[in-house]
Amino acid sequence: MQDNVTTKNSILTYQNNREFAKACDANDPLASFRNEFLFPKDKDGNPLIYLCGNSLGLQPKRTQSYIEQELKDWAAFGVEGHTDATHPWLPYHEFLTESMASLVGAKPSEVVVMNTLTTNLHLLMVSFYQPTKTKYKIVVESDAFPSDKYAVESQLRFHGFDPKDGLILWKPREGEELCRYEDLEAIMETEGDEIALLMIGSTNYYSGQHFPLKKITELGHSHGCMVGFDLAHGAGNIAPDLHETGADFAVWCSYKYLNSGPGSLGGLFVHERHAQNPELKRFVGWWGHNKQTRFNMRHDFDPLPGAEGWQLSNPPILSMAAIRASLDVFMEAGFQNLREKSVKLTGYLEFLVDELNDPRIYIITPREPKERGCQLSIQVKSADKRLHTQLTEAGVISDWREPDVIRVAPTPLYNSFEDVYEFVQRLKSILN
Ligand SMILES: *Cc1c(COP(=O)(O)O)cnc(C)c1O
């Protein structure tokens, strides 16, 4: 799937008033999807302005019935539910693969839903981080999500290397907030021979910057490195076109933009060129074994081709039911439609924040729609956590990052233009 975003100039001209926001909502072909979701409410029963889908997506109304179906089938069938449930549990993960693959721009054989993000990252580093004495370093973007950094550091130690020497940070320049591609090129130029792996967050959780994945992959490969991406902030937000990028592997979670519930299972991608590669080491379990002979139990391990071959365990069906519910909503809306709305919605947020004309405010996130998803990271100089508390008290659910950044993510499935308008009004009255 190509990420064909409209560029800034072709977007409608925005207006800073509620009537305009309401008119955008009235003309929004996706507006009805808001009714597919359950909104947390304040103590008077009014829905909160929920701009935190980058942290935990809202619950689709249909999720409950999808999970209840599995509980009913468990009650009715016991173990026979593996084959006789309405959606049989043995192949249950397969019901998710096609939609999930389409959301990340991969072939179905390249994607599987299993485990959680950090676990999958480790499992894929077992396969794709195979250092030698001289080629062992790992590059991550600075301000990578802490879990990714910990995982990568522990892999270095596991192989006997010191992260102080083995971990290379791709950093923004002094006084800047965003990473420049040229600086990654410079790192590869000087240290490429010693680098084994590039592990980059496709869309940085802090700044909201979306990186050029294909260019990064080609750069890494040209220096003989493996390239993996963490799509925690990309999946369901930007179509990363994974197959096209040529990346070796990717991991993501489903509870942020993918609205599948707290701690729900993650997804992973292994490029098809590795589908049958017997040279790749991996940690295995019975769910990655040939489906025809899995229950004979006495065969030597015979890996399934493609991403499925990395599965270890039979998966939690209740979590997968929630993912299935959410993916169905995405498929009904159509990802390209969502992305088009997202560009307009976040553009409107940007416009309104600029209209505040407040010298304390600085938008860290790139201005170019192709270089971001729906999130804007708004720095409020000299503010502290009290600002976030005040926003919460004013009925806005947003996210705070020390020392002075509010992250807000209007999601195209359930946020409206009026939500965005209302958020900026409330921010304005707090700042005054
Ligand atoms: C949310 C997030 C995680 C969380 O990892 P889990 O294993 O799902 O707890 C990891 N990495 C990034 C980049 C994230 O945004």
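Calculation rules
- For every chain, the first residue of its written sequence is number 1, and the numbers climb from 1 along that sequence.
- Whole-chain, interface and lining totals are the exception, using all residues; otherwise, since this is a predicted model, local features are given only for residues with pLDDT of at least 70 and side-chain atom pairs are given and counted only at 80 or more.
- Side-chain numbers here rest on the full set of heavy atoms in the structure, without hydrogens or water.
- Here, strands pair whenever DSSP counts at least two bridges between them.
- Secondary structure elements follow DSSP: runs of H or I no shorter than four residues count as helices, runs of E no shorter than two count as strands, and numbering proceeds from the N terminus.
- To obtain an axis, a line is fitted to C-alpha atoms, over the contacting stretch when the element is a helix, and the angle between two such axes runs from 0 to 180 degrees between their N-to-C directions.
- In this analysis, two residues are considered to be in contact whenever any of their non-hydrogen atoms come within 4.5 Å of each other.
- The salt bridge definition used is simple: a Lys or Arg side-chain nitrogen within 4 Å of an Asp or Glu carboxyl oxygen.
- Summary of the burial criterion: residues with accessible area below 20% of their type's maximum are buried, those above 50% are exposed, and those between are partly exposed, where the area comes from a 1.4 Å probe applied to protein chains only.
- Residues enter a patch when their relative accessible area is above 30% and they make no salt bridge; the linking distance is 9 Å between like charges and 5 Å between nonpolar side chains (Val, Leu, Ile, Met, Phe, Trp, Tyr).
- All accessible-area figures derive from a Shrake-Rupley calculation using a 1.4 Å probe, and residue coverage is judged against the displayed protein chains alone.
- Segmentation of the chain into domains, including their bounds, is taken from an automatic or database domain assignment.
- What gets called buried area is simply the loss in accessible area from a 1.4 Å probe that two parts show on being joined, summed for both.
- In protein, a polar contact means a hydrogen-donor-capable atom and an acceptor-capable atom, both N or O and within 3.5 Å, with residues adjacent in sequence counting only if both atoms are side-chain atoms; elsewhere, any N or O pair within 3.5 Å suffices.
- Note on residue categories: nonpolar means Ala, Val, Leu, Ile, Met, Phe, Trp, Tyr, Cys or Pro, charged means Asp, Glu, Lys or Arg, and polar means any other residue, Gly included.

1. Observations concerning the sheet that holds strand 14 (residues 399-401)
Consideration 1: Spatial strand order, 11-12-15-14: four strands in an open sheet with antiparallel pairing. Strands at the two margins of the open sheet, each flanked by one partner only, are strand 11 (361-363) and strand 14. Direction aside, neighbouring strands of the sheet carry axes that sit 30° apart on average.
Consideration 2: In the sheet, strand 12 (residues 376-380) pairs with strand 15 (residues 405-408) via four bridges, with the strands oriented antiparallel. Within strand 15, the position partnered with Leu 376 by the bridge is Val 408.
Consideration 3: Contacting strand 11, strand 12 and strand 15, helix 12 (residues 335-356) runs over the sheet at an angle of about 155° to strand 11.
Consideration 4: Along the sheet, helix 13 (residues 385-393) contacts strand 12, strand 14 and strand 15; its crossing angle with strand 14, the most-contacted strand, is approximately 180°.

2. Some words on the side chain of Thr 217
Consideration 1: Structurally, Thr 217 is set in helix 9 (residues 213-222).
Consideration 2: Sequence-distant contacts of Thr 217, that is, excluding residues within four places in its chain, are made with Val 227, Phe 229, Thr 245, Gly 246 and Ala 247.

3. Structural notes on the pattern of salt bridges
Consideration 1: Applying the stated criterion across every chain, the model contains 27 salt bridges.
Consideration 2: Among the ionic pairs, Glu 332 bridges to Arg 62, the shortest N-O distance being 2.8 Å. Of this pair, Glu 332 sits in helix 11 (residues 317-333) while Arg 62 sits in the loop between strand 3 (59-60) and helix 2 (63-77), and the two are 270 residues apart along the sequence.
Consideration 3: Assessed through its relative accessible area of 16%, Arg 62 is described here as buried.
Consideration 4: Note that Glu 153 and Lys 149 form a salt bridge whose closest N and O atoms lie 3.3 Å from each other.

4. Re a nonpolar patch on the surface
Consideration 1: A cluster of nonpolar side chains, namely Leu 71, Trp 74 and Leu 318, defines an oily patch on the protein surface of about 310 Å² accessible area.
Consideration 2: Looking at the element boundaries, Trp 74 is found in helix 2.

5. Description of the domain arrangement of the protein chain
Consideration 1: As assigned here, the protein chain comprises domain 1 (6-60 + 334-431) and domain 2 (91-331).
Consideration 2: A separation of 29 Å is found between the C-alpha centroids of domain 1 and domain 2.
Consideration 3: With 32 residues of domain 1 at the contact, the number on the domain 2 side is 24 residues.
Consideration 4: Taken over both partners, the interface formed by domain 1 and domain 2 buries close to 2,300 Å², and the fraction arising from carbon and sulfur atoms is 60%.
Consideration 5: Inspection of the region where domain 1 meets domain 2 yields zero salt bridges.
Consideration 6: Linking domain 1 with domain 2 are 13 residue pairs in polar contact (both at pLDDT 80 or more), by the criterion used here.
Consideration 7: Contributing elements (two or more residues each) for the side of domain 1 that touches domain 2: helix 12, strand 12 and strand 15.
Consideration 8: In terms of residue count, the dominant contributor to the side of domain 1 that touches domain 2 is helix 12 (three residues).
Consideration 9: For the side of domain 1 that touches domain 2, the residue count by class is 15 nonpolar, 11 polar and six charged.

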